[in-house]
Amino acid sequence: MRILWILASIAALIAAARVLLAQTPPPYRNPKLAVQQRVDDLLRRMTLREKAEMLAGGGWMESQANQRLGIPAIKMADGPMGVRNWLGSSAITNAAAVTPVTATAFPAGIAIAASWDPEMADREGRAIAQEVKALGRDMILGPTVNINRLPLWGRNFEGYGEDPQLAARMGVAYIRGVQGEGVIPSVKHFAANNQEFERHRIDETIGERALNEIYFPAFRAAVQEAGVWAVMSAYNKVNGVWCAENPYLLSDTLKKRWGFQGFVISDWGSTYSTAATVNAGMDLEMPGGEPMRIWLSKPATQKDGNGAGWLEADKVLAAVAAGAVKQEAVDDAVRRLLRVMFTAGLFDRPHTAGGEVDTPEQRAVARAAATEGIVLLKNADGALPLDATRIHSLAVIGPNAAVARTGGGGSSLVRPKYAVTPLAGIEERAAPHVKVQYALGVAMEGTDAGDAAARQAARDEAVALARQSDAAVVVVGYAAALESEGFDRKSMDLPAGQDDLIQAVAAANPHTTVVVVAGAPVTMTGWIDRVPAALCAWYGGQEAGHAIGDILFGAANPSGKLPVTFPKEWKDSPAYGHYPGENLHVEYAEGIYVGYRGFDQRNIEPLFPFGHGLSYTRFEYSDLAITPARVAAGKPVTVTMKLRNAGSRPGAEVVQLYVHQVHSSEDRPPKELKAFRRVTLAAGESQTVRFTLAADAMSFYSTARKNWVAEPGQFEVLAGASSRDIRLKAAFELGH
Ligand code: BGC
């Protein structure tokens, strides 16, 4: 009897323990445990099939969830200039028919880069991440840090310009802003997505030195300085191998050499194999599931050269069974995905839709960023700012005046709740003293301009308006339909009729300012000498109109600097002749001489140099000093100089520090940007600006040694207001 009683008690105890155990959440659910512990625990509980399932997307914009273990899907949204609709491809969601997702349209990457203000990129990243969360998403597909190799690339507006140092600083700041909010960024597109022409098929031959010195640094900084959580591979091939299955890029460089701990995500429809892709280091193939299958079955998708569906579980498991993929490779991919998901808090603090988007704070960031990014290209005889107490009438003319061109086309285009046109922003600032009148002048290329008589009438109206006004502003440039992901610009020229319009307006009114709204350089040789003032406003997001109005009327002092060289003509570009390639092959024959490096080396005068940008005030540079004058190998030098605002308005100057090695065993560019600082000074104020140049500022990538090398010898430090406006020089000696 007693024995029976004991047995019953033991059974009851075991049952109770079981219940308790079932109720105690497994360690991976415990937010107090270290991420690595949670990852290991969860990984141990997963079957091989469950792991394999994580390697392919679950839908158009999300990874696969696992119900049994409660693994959430990573819910993504396109960027990088704000949160974009995630319901389907950009071709679908940019069409008005789809339920819109409206969010703040921030300035394009090129505009942010033109601010040379990493703090602004951080603020933008933070604001965007807040909107990602408010809309119930977890990941933003940006920033784009591909180098603007040529003025014709359709996606120049997304990137941070032609210089690796500038792109690195902006990218790192954006990523920190996003990750600081617990949102996953995805720095893209690794590597060398520098043209849209045949982007799925083009094979780029790029030397190792150019990769390391020009095309990699922004990605490397994202990994090593910002500890980025995700990297998106590119569509193109680099040196014969598609980026999504490129072991040199993904496993050797990103993961082994740089120590990347996050996950690699494929660009949408860029995979062409199972084993090679997994083995190269791809962790998550996108898109997936039914939306991918429907999309892939469309003739246009295949015609474009997309590939997808290769990392679906059945295929991965078959590859494992056949010994073509090791289980460890699958484990590694899942470990990386889980690590990021735990770090970002996806298990503990799921994002639910319903938060506030487009708040006054976010709008303020968009406006400040748009303002800081505007570059005053030319300002003869103080033509700007416009003085609202002296002019009484202003003609605002052009195809980009009364339309807000918030961004370029493709997957980054955000649909804002509202957008301020340049005309509206100008009117706001002009009121109540200045009478503003508008005329289209010429329709945007590709839109209906009517017959020849209608076109002539539109132009005559604009010219007459300019003639009778005290001053004229012509707002020209591109539009999302002409400058976009998916195709390159057909030329560097302004779209049809715009050059002629500017010339006619300038002839009618000598006080004409040209405002260019575009994502990349445009040819200006036909008119730049005929107008006293010109601005480049890029695609400035939903607040661009306010920013343009503020700058034109002097409520804000321009401080942007060009993140790309503006060539006089396309044929001056270092990439000219090495684009778009032949037979699906392009040779990056200019090597490291991209952008100003190439203009300097070949001694070609650009229209406006890299780093150029004027102000309504004047800055004086003095007292450049380097300590120590002789530095030991591997040690940094400190550079100081004095900057004074010698004008009568407050303003910001971007001091640029270029380095030049006087004698080197290998060719080096005449100058390379190694540091910069945006300094805001009151009228008459001075400041000592201090920089540290670490050993890597002196080194180049040696293909022979497969490493960075700093050779002993003399180095010059050039402090400038642009790459062609060097104000001060000093030298130091690097010892053995
Ligand atoms: C673009 C990516 C984008 C993805 C998802 C691709 O076509 O290249 O930048 O994030 O689509 O929309």
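Attention here is on the structure that accompanies the text.

The rules behind these values
Residues numbered from 1 in each chain as written. Predicted model: local features only at pLDDT ≥ 70, side-chain atom pairs only at ≥ 80, totals over all residues. Heavy atoms only, no water. Buried < 20%, exposed > 50% of the residue type's maximum accessible area, 1.4 Å probe, protein only. Helix = DSSP H or I, 4+ residues; strand = E, 2+ residues; numbered from the N terminus. Pairing = 2+ DSSP bridges. Arc of directions from axis to C-beta. Contact = heavy atoms within 4.5 Å. Axes fitted to C-alpha atoms, helices over the stretch in contact; angles between N-to-C directions. Salt bridge = Lys/Arg side-chain N within 4 Å of Asp/Glu carboxyl O. Near = heavy atom within 4 Å. Polar contact = N/O pair within 3.5 Å; in protein donor to acceptor, adjacent residues only side chain to side chain. Areas by Shrake-Rupley, 256 points an atom, 1.4 Å probe, with all protein chains shown as cover. Nonpolar A, V, L, I, M, F, W, Y, C, P; charged D, E, K, R; others polar.

Details of the pairing of strand 25 (residues 713-722)
Next up, step 1: Summarising burial for strand 25: eight of the 10 residues are buried, a large majority.
Next up, step 2: Where strand 20 (residues 651-661) lies against strand 25, six bridges are found, and the strand directions are antiparallel. When the bridges of strand 25 are listed, Leu657 appears paired with Ala719.
Next up, step 3: Sheet topology note: the strand 25/strand 26 (residues 725-734) ladder contains nine bridges and is antiparallel. Among the inter-strand pairings, Gly713 is bridged to a residue of strand 26, identified as Leu734.
Next up, step 4: Counting the residues in the hairpin turn of strand 25 and strand 26 gives two residues.

A short note on helix 14 (residues 313-321)
Next up, step 1: Taken together, the buried positions of helix 14 are Ala313, Val316, Leu317, Ala319 and Val320. Projected down its long axis, helix 14 carries its buried residues within an arc of 160°, all on one side. Set apart from the buried face of helix 14 by more than 90 degrees, the exposed residues are Asp314 and Ala321.
Next up, step 2: Elements in contact with the buried residues of helix 14: helix 3 (48-53) and helix 15 (327-344).

So, the sheet that holds strand 16 (residues 585-587)
Next up, step 1: Taken together, four strands build an open sheet; the order of strands is 8-7-5-16 and the sheet is mixed. Only two strands of the sheet have a single partner each, and these edge strands are strand 8 (241-242) and strand 16.
Next up, step 2: Relative to strand 8, strand 7 (residues 237-238) runs antiparallel, the two being bridged by two bridges. The partner of Lys237 across the bridge, within strand 8, is Trp242.

Focus: the sheet that holds strand 4 (residues 187-190)
Next up, step 1: If you trace the three strands from one edge of the open sheet to the other, you get 4-6-9, paired in parallel fashion. Two strands bound the open sheet, and with one partner strand each, they are strand 4 and strand 9 (263-265). Each strand of the sheet is rotated relative to its neighbour by a mean of 30°, with strand direction disregarded.
Next up, step 2: Taken together, the three bridges between strand 4 and strand 6 (residues 230-233) define a ladder with parallel strand orientation. When the sheet's bridge partners are listed, Lys188 is paired in strand 6 with Met232.
Next up, step 3: Relative to strand 4, helix 10 (residues 247-257) is tilted by about 135°, and along the sheet it contacts strand 4, strand 6 and strand 9.

Regarding the pattern of salt bridges
Next up, step 1: One pass over the structure, following the stated rule, counts 45 salt bridges.
Next up, step 2: A salt bridge links Arg489 to Glu483; the shortest N-O distance between them is 3.4 Å. Grouping residues by exposure puts Arg489 and Glu483 together as buried.
Next up, step 3: Here Asp600 makes a salt bridge to Lys671, at a shortest N to O gap of 2.8 Å. Pair noted here: Asp600 is in helix 21 (residues 596-601) and Lys671 is in the loop between strand 20 and strand 21 (672-681), with a separation of 71 residues, a long-range link.
Next up, step 4: According to the relative accessible area criterion, Asp600 is buried, its value standing at 11%.
Next up, step 5: Its relative accessible area of 9% is what places Lys671 among the buried residues.
Next up, step 6: In this structure, a network of salt bridges that share partners links the residues Arg155, Glu158, Glu196, Arg199 and Glu485.

Digging into unusual backbone geometry
Next up, step 1: Residue Ala191 is bonded to the preceding Phe190 through a cis peptide linkage, with omega at 5°.
Next up, step 2: Within the element layout of this structure, Ala191 appears in the loop between strand 4 and strand 5 (203-205).
Next up, step 3: Note the cis peptide between Tyr579 and Pro580, where omega equals 0°.
Next up, step 4: Mapped onto the secondary structure, Pro580 falls in the loop between helix 20 (544-552) and strand 16.
Next up, step 5: Phi at Asn239 takes a positive value of approximately 50°, unusual for a residue other than glycine.
Next up, step 6: Positioned with a positive phi, Asp381 is a non-glycine residue whose angle comes to about 50°.
Next up, step 7: Here Asp381 is to be found in the loop between strand 10 (375-379) and strand 11 (393-397).

Remarks on the site of the ligand
Next up, step 1: Near the ligand there are 13 residues, and of these Asp78, Arg155, His189, Tyr235 and Asp267 occur at the shortest range.
Next up, step 2: Taking Arg155, its side chain carries an N or O atom lying 2.8 Å from an oxygen atom of the ligand.
Next up, step 3: Between the ligand and Lys188, the relevant distance is 2.9 Å, taken from an oxygen atom to a side-chain nitrogen or oxygen of the residue.
Next up, step 4: Contact with the protein chains hides 94% of the accessible area of the ligand, taken as 310 Å² for the molecule alone.
Next up, step 5: Among the residues forming the shell around the ligand, the class breakdown is five nonpolar, two polar and six charged.

Description of the environment of Arg149
Next up, step 1: In this fold, Arg149 is placed in the loop between strand 2 (139-141) and helix 7 (164-180).
Next up, step 2: By relative accessible area, Arg149 is classed as buried at 3%.
Next up, step 3: A distance of 3.0 Å separates a polar atom in the side chain of Arg149 from the backbone oxygen of His578.

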